[in-house]
Amino acid sequence: MVTGRLCWVPLLLVLGVGSGSGGGGGSRRRRLLASKVNKHKPWIETSYHGVITENNDTVILDPPLVALDKDAPVPFAGEICAFKIHGQELPFEAVVLNKTSGEGRLRARSPIDCELQKEYTFIIQAYDCGTGPQETAWKKSHKAVVHIQVKDVNEFAPTFKEPAYKAVVTEGKIYDSILQVEAVDEDCSPQYSQICNYEIVTTDVPFAIDRNGNVRNTEKLSYDKQRQYEILVTAYDCGQKPAAQDTLVQVDVKPVCKPGWQDWTKRIEYQPGSGSVPLFPSIQLETCDGAVSSIQITTELQTNYIGKGCDRETYSEKSLQKLCGASSGIIDLLPSPSAATNWTAGLLVDSSEMIFKFDGRQGAKIPDGVVPKNLTDQFTITMWMKHGPSPGVRAEKETILCNSDKTEMNRHHYALYVHNCRLVFLLRKDFDQADTFRPAEFHWKLDQICDKEWHYYVINVEFPVVTLYMDGATYEPYLVTNDWPIHPSHIAMQLTVGACWQGGEVTKPRFAQFFHGSLASLTIRPGKMDSQKVISCLQACKEGLDINSLESLGQGIKYHFNPSQSVLVMEGDDIGNINHALQKVSYINSRQFPTAGVRRLKVSSKVQCFGEDVCISLPDVDAYVMVLQAVEPQITLHGTDRFWRPTAQFESAKGVTLFPDIKIVSTFAKAEDPGDLKTTAPKSAVFEEMLHNLDFCDILVLGGDLDPKQECLELNHSELHQRHLDATNSTAGYSIYGVGSMSRYEQVLRHIRYRNWRPAALEARRFRIKCSELNGRYTSNEFNLEVSVLHEVRVSDKEHVNHLIVQPPFLQSVHHPESQTSIQRSSVVPSIATVVIIISVCMLVFVVAMGMYRVRIAHQHFTQESEAAKEAEMDWDDSSLTITVNPMEKHGAPGRGEDETEEEEEEEDLSSSSSDSEGSGEEEEEDGVGRGRHGQSRARQAQLEWDDSTLPY
């Protein structure tokens, strides 16, 4: 604190003032004189009120600071010399502006901050000047109270307490206040520190805000229209200064509470080979605070439009029977159309699944000998069938399988048909077996027969008992009718599918009682019955619902699968456990190459509340599984595709092994990593090897069927049985079938042998192999093999052989190990050494010819003698030679191309040119001899082969 400067004015004693004497008396006289001159104290107001603006030093007082003294106009005594402020560390000081008038001013010594202190109160006094210039004997006024208020300046902007605000509202409601925002101001005065207004900055939003910061909606919000709003809000203080930064208000709109399942995805993608994939990993049940006592959930996988009701193995029926462990002897009545099974060629067929569609206008005749004429008391009929209600007002019989008289009469010996949505099996025994009234017709009435869905039927006959298995469940006939046996006759019988053959009682035999629907895998097995285990395996689905970790379902959860695992029912009384259980439900497809496409999902729920039967209704969950396309395998067969064997090997007991080095490889194209994204050049596909099964390999004989009197294809049955494969053999070839790995098929194919007891007339045999996976869905390349016979022929002693132009007698297989993925070929080609020798001989002949041309005029006689000597040296004794003739040379073997033939002719021409060049200059005389020799050599060229690999040139 800086106090006011005091003016001490000493009173000068005019009288009695000595320089050094009378000190005590002089002092008393001066005081007496002063008291007579400065008689009064200064006077000021008792209180003052002042105002100072912050960051300013001037204080405005009311009333103004003025001190009065009654001693005026006496000099010094009547003047005001100072104002003194009493207090510690006060930021103010008082100064005298005019001593005579006593006017003063209060000011700040340092900047005043209202935010630090809004007002000050202190004591002030006025002092006169005393009695003289030294300001002695001064007097002070009474104490006055000064109250100063600091005036605020609007220097701070409002700020929000929160950077963002969030609220959740329910659609369809008008709220008085959704939430309240709040801003503050650091200014000290009410005018500037209070927030007087809020404003929404974002335009075109259905919200408003009042002066207190309450946000409300101006219209009803819709969850479907917009689920979230983000608006910006600013604030103003009473000085209309806006906020330094706007705040974000986020309003989430939730739908009106409707009971149902939440947080699930409509599309679920399934990558083949992914195993078990959860369907609803985050699903939750919203009950809208309902008091739920129990809930039952039914999850259904709808696959009735996939294949035969679901994704099943599409192997041939024989392969499936083998795979499921069924006994052998099955007869496929609806096989894939082929040369051997051509009775299904005229039917409508879906080749991918081998499904035959019957439209009520067609049937198929089974050739004689395919099925035994007289079935025993035990046999089994199996089939897949999809059938709807019968067309027309009066339903007629729709025949699936029928064995009737071929001519003259119209007796049905056994038949399987549908009539009025009932499945009927007819079995009429022959008269010679039993002359009694016996069961003949067995009727089953099932809703599934006409529901237009795929079902698997097995009719097991153990006469007189007939049992029906449908989709693995057992059904006894509801009606059995008896009939007399059929009288014996010599009339031939006709077995048909899709209709029944009417051979008698009509003008012209024809089909009747046509079937309307779809059939697949119709088989009959005489003499044996299928077990329940085999039946379940044959109709099993390879896709279905699954539960990941049954242990984690929790207590109180009951669940049940149907046999095909397409329906799952779960029940519980705790919402949390039910949510957790449904999150564990998954989809699985165990096929390596599943059928791509959509599988629909439906989740239906039934909720019960306390004291009520059904309290709330939950909408169904409709979703689907998208099974993606599996990679396409490329099956490749390669090995030696041509070789020669001597006749003795064809005649031997072991024969000739046809495919000793056959190799089966399957690859799939995998896109190469693009790497640098800036590179625009196309990337080549990378092929990776994959493993999978095969279901058949066919070895076909090309160029005519085998003659069983002199040739055959052989394979030890032990090679098949130990690898769980089967085979059929015919004059057209060999067929190996059964589900097995590629390595198993390799091992079996490497043991296929060809025998020929009369190979003398045989030149070559050609074969073709083609393998399949999934009943022809994926097929291999056609691998062709040619086997040639090496014949030995004795040549006459008188024949003259030119060893320079005869081909080698033995043809060897040339193996190329560096080309493992391409078809290896063996052929006879000129060796590199032979080519080099021929070129050298040509050059030598050219040089000699030029030299001889220059000297022949001078040495013509000498040249003729030399030529005669050379011809004498070329004579050859072939009396003891044995020549092997290659029949492929004679008949243009496919292994010898035009290039080889041209090389041989060129070599022959070079030999002829050599002889002509070394001959006499008298060409006219030697022309006849040359023609004879060359003609003889060319004639033998077509028949003889010679090993010239060791001849010196």
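Below is a short write-up of the structure. (Residues numbered from 1 in each chain as written. Predicted model: local features only at pLDDT ≥ 70, side-chain atom pairs only at ≥ 80, totals over all residues. Heavy atoms only, no water.)

**As for the overall build of the chain**
If you tally the helices and strands in the chain, you get 13 helices and 57 strands. When each of the 953 residues of the chain is scored for burial, the buried share is 42%. Partitioning the contacts of the chain with sequence separation of at least 6, the portion at a separation of at least 24 is 72%. Counting only carbon and sulfur atoms, one obtains 51% of the accessible surface of the chain, whose full area is about 50,400 Å². (Helix = DSSP H or I, 4+ residues; strand = E, 2+ residues; numbered from the N terminus. Buried < 20%, exposed > 50% of the residue type's maximum accessible area, 1.4 Å probe, protein only. Contact = heavy atoms within 4.5 Å. Areas by Shrake-Rupley, 256 points an atom, 1.4 Å probe, with all protein chains shown as cover.)

**Observations concerning the pairing of strand β54 (residues 753–756)**
Side chains of β54 alternate between two faces, with Arg753 and Arg755 and Tyr754 and Asn756 buried alike. As paired elements, strand β47 (residues 656–657) and β54 share 2 bridges and run antiparallel to each other. Across the sheet, Thr657 pairs through a bridge with Arg753, a residue of β54. (Pairing = 2+ DSSP bridges.)

**Quick look at unusual backbone geometry**
Here the amide bond leading from Asp62 into Pro63 is cis, since omega sits at 0°, within 30 degrees of zero. Residue placement: Pro63 occurs in the loop between β2 (59–62) and β3 (80–86). A cis geometry characterises the amide bond from Phe463 onward to Pro464, with omega recorded as 10°. Residue position: Pro464 is located in the loop between β31 (454–462) and β32 (465–470). Non-glycine residue Ser521 carries a positive phi angle of around 55°. By the element assignment, Ser521 lies in strand β38 (residues 516–526).

**Notes on the sheet that holds strand β12 (residues 195–200)**
With mixed pairing, 4 strands are arranged side by side in an open sheet as β9-β16-β15-β12. With partners counted over all chains shown, the strands left at the sheet margins are β9 (164–170) and β12, one partner each. The average angle at which neighbouring strand axes cross in this sheet is 25°, direction not considered. The sheet contact formed by strand β15 (residues 228–237) and strand β16 (residues 247–254) spans 6 bridges and is antiparallel. Bridge assignment links Ile231 to a residue of β16, and that residue is Val249. (Axes fitted to C-alpha atoms, helices over the stretch in contact; angles between N-to-C directions.)

**Describing helix α8 (residues 742–749)**
Among the residues of α8, Met742, Tyr745, Glu746, Val748 and Leu749 are the ones counted as buried. Projected down its long axis, α8 shows its buried positions confined to an angular sector of 165°, all on one face. Buried residues in α8 make contact with β48 (663–670), β50 (693–702), α7 (717–721), β53 (733–741) and β55 (764–773). (Arc of directions from axis to C-beta.)

**Remarks on the sheet that holds β48**
Strand order in this open sheet of 3 strands is β45-β48-β49, and the pairing throughout is antiparallel. Two strands bound the open sheet, and with one partner strand each, they are β45 (634–638) and β49 (686–689). Strand-to-strand, the axes of this sheet are offset by a mean angle of 40°, without reference to chain direction. Bridge analysis of β48 against β49 gives 4 bridges, and the strand direction is antiparallel. Its bridge partner being in β49, Ala669 is matched across the sheet by Phe687.

**Some words on the pairing of β3**
With respect to burial, β3 is a largely interior element, 5 of its 7 residues being buried. Pairing between β3 and strand β6 (residues 119–128): 6 bridges, direction antiparallel. Residue pairing across strands places His86 opposite Ile123, the latter belonging to β6.

Shape descriptors only; they carry no functional weight alone.
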